[in-house]
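Analysis of the macromolecular model
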Amino acid sequence: MNKTWAKSRFAHTLPRDLLASVVVFLVALPLCMGIAIASGAPPAAGLITGIVGGLVVGFLQGAPLQVSGPAAGLAVVVWQLIHDHGLAAMGMIVLGAGVLQMIAALLRGGRWFRAVPPSVIFGMLAGIGVLILASQAHVMVDHKPTSSGWRNLISIPHAVWQGLVAEPGIAQRQALSIGLLTIGVMIAWNRMPARWRLVPGSLIGVVIASVVANTLGFTVAYVAVPSSLIASVTWPSLASFAIFGQPEMWGLSFVVAAVASAETLLCAAAVDRMHAGPRTNYDRELFAQGVGNTLCGLLGALPMTGVIVRSTANVQAGGRTRLSAILHAVWILVLVVALPQLLRLIPVASLAGILVFTGYKLINPAAIRQLYRYGKSEVAIYAATALAIVATDLLKGVLVGLALAIAKLVYRMSHFKIAVEDAPDNRTTLHLQGVATFFRLATIADALERVTPDRELHIRIDDLDHLDHATLELLTSWQKQHTSKGGAVVADWQALEQRYRARGRPSATA
């Protein structure tokens, strides 16, 4: 009975998973190569990561509909690693990150990566988006970006101007036209009715740009894909493992592991909201990512994460099981092994155009409006995180954001304001705001002592975020004393009781 049910279910899900795998393959192919180029690595390094993300992580993952591969969010980190330490050392650092992820999963640390405020996450993505946009704007005119995010950003007008005013036939102008053509096609494609968009706009943009560049004989840079994928693998030597004796390298591995894990698990949480299937097992997903990154490190490939763009495409295309993620890697492997010459027809500027567009989407102006609903302070944390990442690096920027978020929490947990207002009609209002704890008993007691027995006291508690038992005891005991002397007290204790019950806390008036 169970075997019959399993066969029936497989037969039902297989067609959907096959279709979804093709859609994800079409989305992932240009991104794997583009992110590798943005990271300062060979395109093959991104393709290998995409293949490992499907064939290995796809079998092990705890989020069945999530698709793993190279992510734009780590491009800036990887570029810096390669720039400072070289491609071989980057592989070892990725290997160390994978080991740390597996250890964190075995210690059941998956859920802790979800405890990052949305303002910091959105700010991190925005900062990464600015850096990607700034660097790839240079690649889009066949220029090499610098190691400084600020320099790349402020020199964009000069790079684009050089591409615009270059004489006809000059490579920079041709590259810029190819990049702008790719972006224009993607924008136009995304505005078409959904029923017409059977393939992703990024693929349409790359195909059209490649046809134009090759037909017109543009002398721009094209993607360099080796004839043999195995030959492009950077196998580590025994001497390579010696870098793990340097504490700095473990620190870099920790950065890669932390960013990759946070992006993966936040992506998994987002994907869970898109479908009604099995929920994510966060520790299992984290362990699978650790296995994948360990293998990518051994192969000298890029680090991987769960990727929201590919995962969204998987769900929207009707993916039902992990088979769709596994098969998308099979299609990448088949294409790279059987038809590498097709990939060599793709202009690098076209892939840079895709990443410029991706960088803009990572900045996500809609996130600012969403955060503003929760207060200006959330927008400030978002902006500070993004600016700090652009000005320094990813780790420092995220630490700045977390520090501000913690400072805000401490302020909210300690902020208290009390106001006493006397009205002409023999009425006094005691307005309490913020967090009223036993630390504030003396201040509250002083305010109460100033209320004469003939006054009617109105205690406003609707703006309190928290009221502890000691403060409540002071207010209720003072109320009894005041009424015994002929005064009156008006306080909505019932509303306070309801607020505490709604928050699942013990009774405030018990």
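Here we summarise the structure given alongside this text. (Residues numbered from 1 in each chain as written. Predicted model: local features only at pLDDT ≥ 70, side-chain atom pairs only at ≥ 80, totals over all residues. Heavy atoms only, no water.)

Here we come to unusual backbone geometry. The backbone of Arg108 shows a phi angle near 60°, a positive value even though the residue is not glycine. Tracing the sequence through the fold places Arg108 in the loop between helix 5 (87–106) and helix 6 (118–139). Of note in the backbone geometry, Asn426 takes a positive phi value of approximately 65° without being a glycine. Relative to the helices and strands, Asn426 is located in the loop between strand 3 (416–423) and strand 4 (427–436). (Helix = DSSP H or I, 4+ residues; strand = E, 2+ residues; numbered from the N terminus.)

Let us look at helix 20 (residues 441–449). A turn of α-helix holds 3.6 residues, and therefore any two residues three or four places apart point the same way. What helix 20 keeps buried is the set Ile444, Ala447 and Leu448. Along helix 20, the residues classed as buried sweep out an arc of 100° about the axis, all on the same side. Of the exposed residues in helix 20, those oriented more than 90 degrees away from the buried face are Ala442 and Glu449. Considering only its buried residues, helix 20 is in contact with strand 3, strand 4, strand 5 (456–467) and helix 21 (469–484). (Buried < 20%, exposed > 50% of the residue type's maximum accessible area, 1.4 Å probe, protein only. Arc of directions from axis to C-beta. Contact = heavy atoms within 4.5 Å.)

What follows is about the sheet that holds strand 6 (residues 488–491). Taken together, four strands build an open sheet; the order of strands is 3-4-5-6 and the sheet is mixed. The sheet terminates laterally at strand 3 and strand 6, the two strands that pair on one side only. Neighbour-to-neighbour, the strand axes of the sheet open up by a mean angle of 15°, direction not taken into account. In this sheet, strand 5 lies alongside strand 4 in parallel orientation, the contact comprising nine bridges. Of the residues in strand 5, the one forming a bridge with Val435 is His466. Along the sheet face, helix 20 touches strand 3, strand 4 and strand 5 and points at about 5° away from the line of strand 3. (Pairing = 2+ DSSP bridges. Axes fitted to C-alpha atoms, helices over the stretch in contact; angles between N-to-C directions.)

With that settled, the discussion passes to the pairing of strand 4. Within strand 4, eight of the 10 residues are buried, leaving the element largely enclosed by the surrounding structure. Inspection of the sheet shows strand 3 paired to strand 4 by eight bridges, in the antiparallel sense. Bridge pairing in strand 4 places Glu421 opposite Thr429. Where strand 3 folds back on strand 4, the antiparallel hairpin that results is connected by three residues, among which Asn426 adopts a positive phi of roughly 65°. Crossover connection from strand 4 via helix 20 to parallel strand 5: handedness right-handed. (Right-handed = clockwise from strand over helix to strand, strands pointing away.)

What follows covers the packing of aromatic side chains. In the structure shown here, the tally under the stated rule is three aromatic pairs. Their ring planes at 45° and their centres at 6.5 Å tell us that Phe241 and Phe244 sit as a pair that is tilted. Judged by relative accessible area, Phe244 falls into the buried class, the value being 16%. Judged by centre distance (5.0 Å) and plane angle (40°), the ring pair of Phe244 and Trp250 falls under tilted. (Phe/Tyr/Trp six-rings, centres within 6.5 Å; stacked < 30°, edge-to-face > 60°.)

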